[in-house]
Amino acid sequence: MLWAILVAALGVRLAYLYQAVDTPLFEVLLLDSEFYDRRARALVAGDWLGDRPFFMNPFYSYFLAAIYALCGAEYGWVGLVQAGLGTGSCYLIYALGRKLWSAKIGLLAAGMAAVYQPYVFYDGALLTAAPITFLNLAALYCLVRAQGAVRWLLAAGLLLGLSATARPMVLLFVAVVAGWFVAQEGRRGWRQWGAVVAGCGLVVGAVACRNYLVGGEWLLTTSSAGMNFYVGNHPEANGIYAQVDFLTSAEPDLEREVFIREAEACTGRELTPAQASRFWLAAGLRFAVENPRAYLALQGRKLYMFWNGVEAQNNLSLYLARDFVPLLRWCVLGWGLVAPLAVAGWVTCRRAGLLDLYLASYLAACLLFFTSSEYRLPVVPVILFYAAGWIANAAAWATGGAYRRLMGSCLLVALVALPINYRDAGAERLTRKRVDYYNFGTLYQRRGDWAAAENMFRKALHIDPSFAPAASGLAAVLQEDGDSGIQRGLELFGAGEYEAAVAAFSLARPSPGLYNNLGLCYYRLGQWSEATAHFHKALALDADYARAHFNLGLVYVKQSDDQAAATAFARALELDPNHTQAHYRRGEVLLRLGRPRAAAAHWAFLRTRHPDDVRLQAKIDSMIQATP
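In this text the structure is predicted, and so the values were computed from the model without any measurement.

### What to know about the overall build of the chain
Right, on to step 1. Within the chain one finds 35 helices and zero strands.
Right, on to step 2. Principal-axis analysis of the C-alpha atoms gives the chain an extent of 95 × 70 × 55 Å.
Right, on to step 3. Working note: accessible area of the chain is about 27600 Å², and carbon and sulfur atoms make up 59% of it.
Right, on to step 4. Of the charged side chains in the chain, 55 are positive and 48 negative; the average position of the first set lies 11 Å away from that of the second.

Below, the structure written as structure tokens:
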């Protein structure tokens, strides 16, 4: 049974890589992934020490560098290694479950981990989540296995130290686990905890010494702790990662420079990275002390986002990935399903104090800073254990005839599921993907891949037609200096030289916008069949291109096909409900089709939207009066 689960876990992760490798998820790297990749390539080239204190956590860059040096600098190799780590995490979940509860609990939890949607996604992303999960699980297993043996305790400390260099949140667990040792072993517990701290200190101390060597300042892991604290604790903080108002981009290098520069502007003196970090830490603490009500409300928001079923991204979006990788849509098991089972399981099952402390430590760290899908991912195994415990108990109650107890526990699951799966406006916004498509559009634009950039910007605008950054990005792409065909074609079209515009557009690269422009040229030339063909070409590349649907409707009007025109205009309005011309034109054809009541809805929209447009009102009245 265990081998079947592990084979399934590896197979699912390999299938994810197969579907994702030729998509934007692997074609371009976003924010932290791009930084880690760039730094890893520098490491492979020989720059192993660097010349400044770490701003980003160092572990993952070295992890990538090791893979690049051994296998080559291809993202596919990273995915394969992390697929192996993810499978290894499933085994460690089984081993922990068997050790703390039973083999049945271990198998159930490992089976859920094999197909848990965020695990499958993050195991295929160039981010720190997969190694952190594996390192933490290995450390927890060492702690459970140790029984006072120093070698196991040191191993646990070394693993936790490595995890801390990937994300320092685990250091809070290292600190508070002393209580667990003392509760288990009394005074001997302090010595056992000291062995863990010694192992962790070897790794973290090496990083601190390296920071001092290159920067002259003692920094435990990075110089970004104060900045991250401020991001999670300031007047506009919302519980998740959100850019502060003076930051134009979340790119790590820019983030570092802007935070230091802003701190220097506030203090009026030049600051070192450590001094800037302390400045932002003090600013965040000052907000908490001076605004206790707002701070408590913010803590409530963080708690809500930690337990909510939405996967809040601060890098790559799971919801965007589902658009490109069909497999993710089949892996339906997520936080919203297992967390309610886990809460009920925690109430009814035998508890594991070490794992409870581990979960509480990560929750506390998220409350100190901010919540994200990546930040809570390391505690998912605890959730899976208690969910597995509830499933096992529910099966036992059902077969044993304890139906009243089963119904009561099911009711508890349902009650807990309501708040966990409820999405307020802020949580729902995280699933909409408009910013994610915009970010990818920007990356493609930087690479000079205008067609891909245009496609990404259009997808962002399809989600939110009023999203100004995407509209600006699309306009910039369409008029990119490097595409002289588009630029010249637009100039000729504006001058009414449609045949010359066709010739100019024909020199440009194929894209939905190009075919739409060619269709408009043929429309102005009265060549309806050519215009129709090019609008269809635009829609074949982007079925959600509202402007092409509208222009196709104009051609159908010219061909006296009012029914087809009404359908095309309706589709344009479905994609862009505020398209004024589509409302006007569809109302016009609906009147000719003898459907005045349907047309009236469009007239009402236009009258409300343009109450001072006397000419438009007169046109509408004239059409209504001319209708028999």
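### Overview of unusual backbone geometry
Right, on to step 1. With phi around 45°, Leu31 is a residue other than glycine that occupies positive phi space.
Right, on to step 2. Tracing the backbone through its elements, the reader meets Leu31 in the loop between α2 (24-27) and α3 (32-44).
Right, on to step 3. For Lys433, which is not glycine, the phi torsion reads 75° and is therefore positive.
Right, on to step 4. Relative to the helices and strands, Lys433 resides in the loop between α23 (425-429) and α24 (434-447).

### Some remarks on a positive patch on the surface
Right, on to step 1. On the surface, a cluster of positive charge is contributed by Arg98, Lys99, Arg145 and Arg151.
Right, on to step 2. On the secondary structure map, Arg145 appears in helix α8 (residues 129-146).

### A few points about helix α26 (residues 468-478)
Right, on to step 1. Ala470, Gly473, Leu474, Val477 and Leu478 are the residues of α26 that are buried. Buried residues in α26, looked at end-on, bunch into an arc of 130°, giving them a common side.

### Some words on the confidence of the model for the chain
Right, on to step 1. For the chain, per-residue confidence averages 89 on the pLDDT scale, and 95% of positions sit at 70 or higher.
Right, on to step 2. Per-element confidence in the chain ranges from a low mean pLDDT of 61 for helix α35 (residues 614-626) to a high of 97 for helix α6 (residues 103-115).

### Overview of the side chain of Ser89
Right, on to step 1. Mapped onto the secondary structure, Ser89 falls in helix α5 (residues 75-100).
Right, on to step 2. For Ser89, a relative accessible area of 5% puts it in the buried group.
Right, on to step 3. Setting aside anything within four residues of it in sequence, one finds Ser89 in contact with Thr133, Phe134 and Leu137.

### Overview of the packing of aromatic side chains
Right, on to step 1. Under the definition given, this model contains 33 aromatic pairs.
Right, on to step 2. Here the aromatic rings of Phe370 and Tyr375 are separated by 5.3 Å at their centres, their planes lie at 25°, and the arrangement is stacked.
Right, on to step 3. For Tyr375, a relative accessible area of 14% translates into the label buried.
Right, on to step 4. Members of the aromatic cluster, each reached through a chain of ring pairs, are Phe35, Tyr36, Phe59, Tyr60 and Phe63.

### A short note on the pattern of salt bridges
Right, on to step 1. Scanning the entire structure with this criterion turns up 18 salt bridges.
Right, on to step 2. The partner of Arg13 in a salt bridge is Asp123, with the nearest N and O atoms 2.6 Å apart. One end of the pair, Arg13, is in helix α1 (residues 2-20); the other, Asp123, is in helix α7 (residues 117-123), with 110 residues separating them in the sequence. Pair check on accessibility: Arg13 and Asp123 agree, each one buried.
Right, on to step 3. Across the salt bridge formed by Arg571 and Glu574, the nearest N and O atoms sit 2.9 Å from each other. With Arg571 and Glu574 both in helix α32 (residues 562-575) and three residues apart, the pair spans about one turn of that helix.
Right, on to step 4. Beyond isolated ion pairs, a larger network of salt bridges with shared partners links Glu34, Arg38 and Asp253.

### Section: the nonpolar core
Nonpolar side chains in soluble globular proteins generally cluster together in the buried interior.
Right, on to step 1. Counting residues in hydrophobic clusters, the biggest one holds 159 residues, and the most contacted among them are Tyr16, Leu64, Phe173 and Trp335.
Right, on to step 2. Apart from residues lying up to four places away in sequence, Phe173 is in contact with Leu140, Leu143, Leu160, Leu354, Leu357, Tyr358 and Ser361.
Right, on to step 3. One finds Leu492, Leu520, Phe535 and Phe550 within the second-largest nonpolar core, a separate group that totals 35 residues.

### Structural notes on α8
Right, on to step 1. The terminal C-alpha atoms of α8 lie 26 Å apart, and with 18 residues this matches the ideal 26 Å at 1.5 Å per residue to within 8%.
Right, on to step 2. The buried fraction of α8 amounts to 16 of the 18 residues, a majority that puts the element mostly inside the structure.
Right, on to step 3. Once α8 finishes, Gln147 follows within two positions and takes phi at roughly 50°, a positive value.

### Points about the side chain of Asp32
Right, on to step 1. Structurally, Asp32 is set in helix α3.
Right, on to step 2. Buried within the structure, Asp32 lacks any salt-bridge partner; Arg167 is the closest side chain of opposite charge, at an N-O distance of 7.1 Å.
Right, on to step 3. Among the polar contacts made by the side chain of Asp32, one reaches the side chain of Asn315 at a distance of 3.0 Å.
Right, on to step 4. With residues near it in sequence (within four places) discarded, Asp32 still touches Met56, Leu127, Pro252 and Asn315.

### Here we look at a nonpolar patch on the surface
Right, on to step 1. Nonpolar side chains collect at one region of the surface, where Leu10, Leu14, Trp77 and Leu80 lie side by side and expose about 330 Å² of accessible area between them.
Right, on to step 2. Those elements that place two or more of their residues in the nonpolar patch are α1 and α5.
Right, on to step 3. Tracing the chain through its elements places Leu10 in helix α1.

### Thoughts on the packing of α24 against helix α25 (residues 450-463)
Right, on to step 1. The N-to-C vectors of α24 and α25 enclose an angle of 165°; their axes lie 8 Å apart at closest approach. Taken together, the axes of α24 and α25 are roughly antiparallel relative to one another. The two elements α24 and α25 cross, and the hand of that crossing is left-handed. Counting all contacts with α24, which are made through Arg434, Tyr437, Tyr438, Phe440, Gly441, Thr442, Tyr444 and Gln445, the residues of α25 involved are Trp450, Ala452, Ala453, Met456, Phe457, Lys459, Ala460 and Ile463.
Right, on to step 2. Residue composition of the contact of α24 with α25, grouped by class: 11 nonpolar, three polar and two charged.

### Side note on the packing of helix α9 (residues 150-166) against helix α11 (residues 188-215)
Right, on to step 1. Remark: α9 packs on α11, axes separated minimally by 7 Å, with the N-to-C direction vectors making an angle of 35°. In this structure, α9 crosses over α11, and the sense of that crossing is right-handed. Note on element contacts: α11 touches α9 through Gln192, Ala195, Val196, Ala198, Gly199, Cys200, Leu202, Val203, Val204 and Val207, opposite Leu153, Leu154, Gly157, Leu158, Leu160, Gly161, Leu162, Ala164 and Thr165.
Right, on to step 2. Of the residues in the contact of α9 with α11, the class split is 14 nonpolar, five polar and no charged.

### Overview of the environment of Tyr403
Right, on to step 1. Take Tyr403: it is sitting in helix α22 (residues 403-421).
Right, on to step 2. Judged by relative accessible area, which is 54%, Tyr403 ranks as exposed.
Right, on to step 3. When the C-alpha positions of Tyr403 and Leu554 are compared, they lie 65 Å apart, and in sequence the two are 151 residues distant.
Right, on to step 4. What Tyr403 contacts, discounting residues up to four positions off in sequence, is Trp397 and Ala398.

### Description of the environment of Gly239
Right, on to step 1. Structurally, Gly239 is set in the loop between α12 (225-232) and α13 (252-267).
Right, on to step 2. As a C-alpha pair, Gly239 and Phe306 span 67 residues in sequence and 8.9 Å in three-dimensional space.
Right, on to step 3. The contacts of Gly239, once residues within four sequence positions are left out, are Leu298, Arg301, Lys302, Phe370 and Thr371.

The rules behind these values
- Residues numbered from 1 in each chain as written.
- Predicted model: local features only at pLDDT ≥ 70, side-chain atom pairs only at ≥ 80, totals over all residues.
- Heavy atoms only, no water.
- Helix = DSSP H or I, 4+ residues; strand = E, 2+ residues; numbered from the N terminus.
- Areas by Shrake-Rupley, 256 points an atom, 1.4 Å probe, with all protein chains shown as cover.
- Lys, Arg positive; Asp, Glu negative; His and termini not counted.
- Charge placed at Lys NZ, Arg CZ, Asp CG, Glu CD.
- Patch = residues over 30% accessible without salt bridge, like charges linked within 9 Å, V, L, I, M, F, W, Y side chains within 5 Å.
- Salt bridge = Lys/Arg side-chain N within 4 Å of Asp/Glu carboxyl O.
- Buried < 20%, exposed > 50% of the residue type's maximum accessible area, 1.4 Å probe, protein only.
- Arc of directions from axis to C-beta.
- pLDDT = per-residue confidence, 0-100.
- Contact = heavy atoms within 4.5 Å.
- Phe/Tyr/Trp six-rings, centres within 6.5 Å; stacked < 30°, edge-to-face > 60°.
- Core = buried A, V, L, I, M, F, W, Y, C linked by side-chain atoms within 4.5 Å.
- Expected span 1.5 Å × (residues − 1).
- Polar contact = N/O pair within 3.5 Å; in protein donor to acceptor, adjacent residues only side chain to side chain.
- Axes fitted to C-alpha atoms, helices over the stretch in contact; angles between N-to-C directions.
- Parallel < 35°, antiparallel > 145°, perpendicular 65-115°, else oblique.
- Left-handed = near helix turned anticlockwise from the far one by under 90°.
- Nonpolar A, V, L, I, M, F, W, Y, C, P; charged D, E, K, R; others polar.

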